[in-house]
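Spelled out, the chains give:
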Amino acid sequence: MMFGFKKKKKNNLDLAFDKTFEEINKLDSWNDPKKLERYILDSSEQIVSTTKEIESEKKEYRVVNNYLKDIEILENLIQEEKDELSGLASTLVELTKARVGFENRESRISEKNYTLMEENEDSIPATIDRLTQNEIYQDSLNKDMRHLEGEKSAIEIDRDSLKKVIRFQSIVSIVILISCLLISGTLFLYQYYTGTDLKWLQIIVLLFTATVFTIIFMRDSYIKRKNRSSLRYLNRIIPMLNAIKMKYVNITSAVNYVYSNYDIDSSKELEYLWNNYQNEKRDRELYNRNNMDIEVCNDRVMGFLNKKKLYDPKVWRFQALALVRQEEMVEVKQRLIQRRQKIKDQIDSNMNSVKLERDEIDRIMKEHNFYVPEIIEIIQSVDRLCGLNQYKKRNPGAEPERQRRN
């Protein structure tokens, strides 16, 4: 609530009275002294409780009045003082708005990452540069490694193909040799038994066989030379590939260490965190400076208001906008006036309740001639405590409202 007032639980004026009256109706006999005594004591206790509430409400009423007097003092300032106060309050409003904006904004970086960046602030720029270079080198090694792996695989596939060709040529050579021997043997036997001259056919077979084997020999020699060349090239690639793999493993280990340390996946992400940290750090420094400026401005506003002997200058720290805008001050004043009226109505209502309770006690005692000294002493103490002696003198023998209802 405005100006720190607490909402008080509303007291229904007739609720306590009606409750007591309902209990009275339940009694079997009013001639029982114990029951009369219980009723009078309960009513007296209710009077004391309501009176305490009235005192609390009167205290709040005085506080509201004091706040209204403070507003009147501020409204009656000379123009130069109004301008000075408005300037100070305007600065306070703007600084407070900036602080609220910072507190409500979404953070650029998690607190965990902020702490991590802060702890390694001096080394982060060098780490970003080194990580970037390592990633470039790692990528280059990876490309070289894939290229050599490809060449190695191609050579191994080619050598496998050459081995298959060699095996195939060996089989073909054997088949051709056997075929030539069979043909030559057949021609010889045919010539032997028939006497036919088949030397020219035997020469053709021998020439064919020699030609085929010459071709196979030359091709076999070429394949073997190519195979030896591939093997020499493969023997050069394997050490190069192993060396590149070793370098790749080492650089990958270094890169992964940084990744793990900062919980990132790339140098770009680390650079992004670093930029966010710098922006967040700048914002926090501005926030801290803003808080210091707010304290300085608050002190100036409080110093000005304290000179005017206000009831509660501190409350205007949270109502600075009303010191800047006239319409806000009018609204504040109107709410205070409404609050004061509600408190006054509540006080009057509770006072009426107390009087009705007190009159009912007198009526019951008179009706039943119940004048026990101890009870009378208690009632007189309640009258003194609750300030009812003056009321009783002004209203001797007043007939209670409840009796008129009946």
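Look up: the structure comes first, before these words.
Figured I'd write up the structure that's included with this text. (Residues numbered from 1 in each chain as written. Predicted model: local features only at pLDDT ≥ 70, side-chain atom pairs only at ≥ 80, totals over all residues. Heavy atoms only, no water.)

1. Focus on the pattern of salt bridges
Our working rule: The term salt bridge refers to a pairing of a side-chain nitrogen on Lys or Arg with a carboxyl oxygen on Asp or Glu at a separation within 4 Å. We count a stretch as a helix when DSSP gives it H or I for four or more residues in a row; a strand needs E for two or more, and each element gets its number in order from the N terminus. For each residue, the accessible area found with a 1.4 Å probe, counting protein chains only, is set against the maximum for its type, and the residue is called buried under 20%, exposed over 50%, and partly exposed in between.
Counted under the stated rule, the structure contains 14 salt bridges. In this structure, the salt-bridge partner of K143 is D139, at a minimum N-O distance of 3.5 Å. Highlighted residues: K143 and D139, both in helix α5 (residues 124-194), separated by 4 residues, approximately one helical turn. Judged by relative accessible area, K143 falls into the partly exposed class, the value being 47%. Under the relative-accessibility criterion, D139 is labelled partly exposed at 37%. A salt bridge links K344 to D348; the nearest nitrogen and oxygen atoms lie 3.3 Å apart. On the criterion of helical spacing, the pair formed by K344 and D348 is a turn pair, its members being 4 residues apart in helix α9 (residues 326-368). Taking relative accessible area as the criterion, K344 reaches 36% and is therefore assigned partly exposed. Owing to a relative accessible area of 40%, D348 belongs among the partly exposed residues under this scheme. Salt bridges linked by common partners bring R105, E111, E280 and R284 together as one network.

2. Quick word on the environment of S153
Which entries qualify depends on this criterion: Pairs of N or O atoms within 3.5 Å make up the polar contacts considered here, provided that, within protein, one atom can donate a hydrogen while the other can accept it, and that residues adjacent in sequence are counted only when both atoms are side-chain atoms.
Structurally, S153 is set in helix α5. When the C-alpha atoms of S153 and L234 are compared, they prove to be 9.5 Å apart, with 81 residues separating the residues in sequence. At 2.9 Å, the side chain of S153 forms a polar contact with the backbone oxygen of E149.

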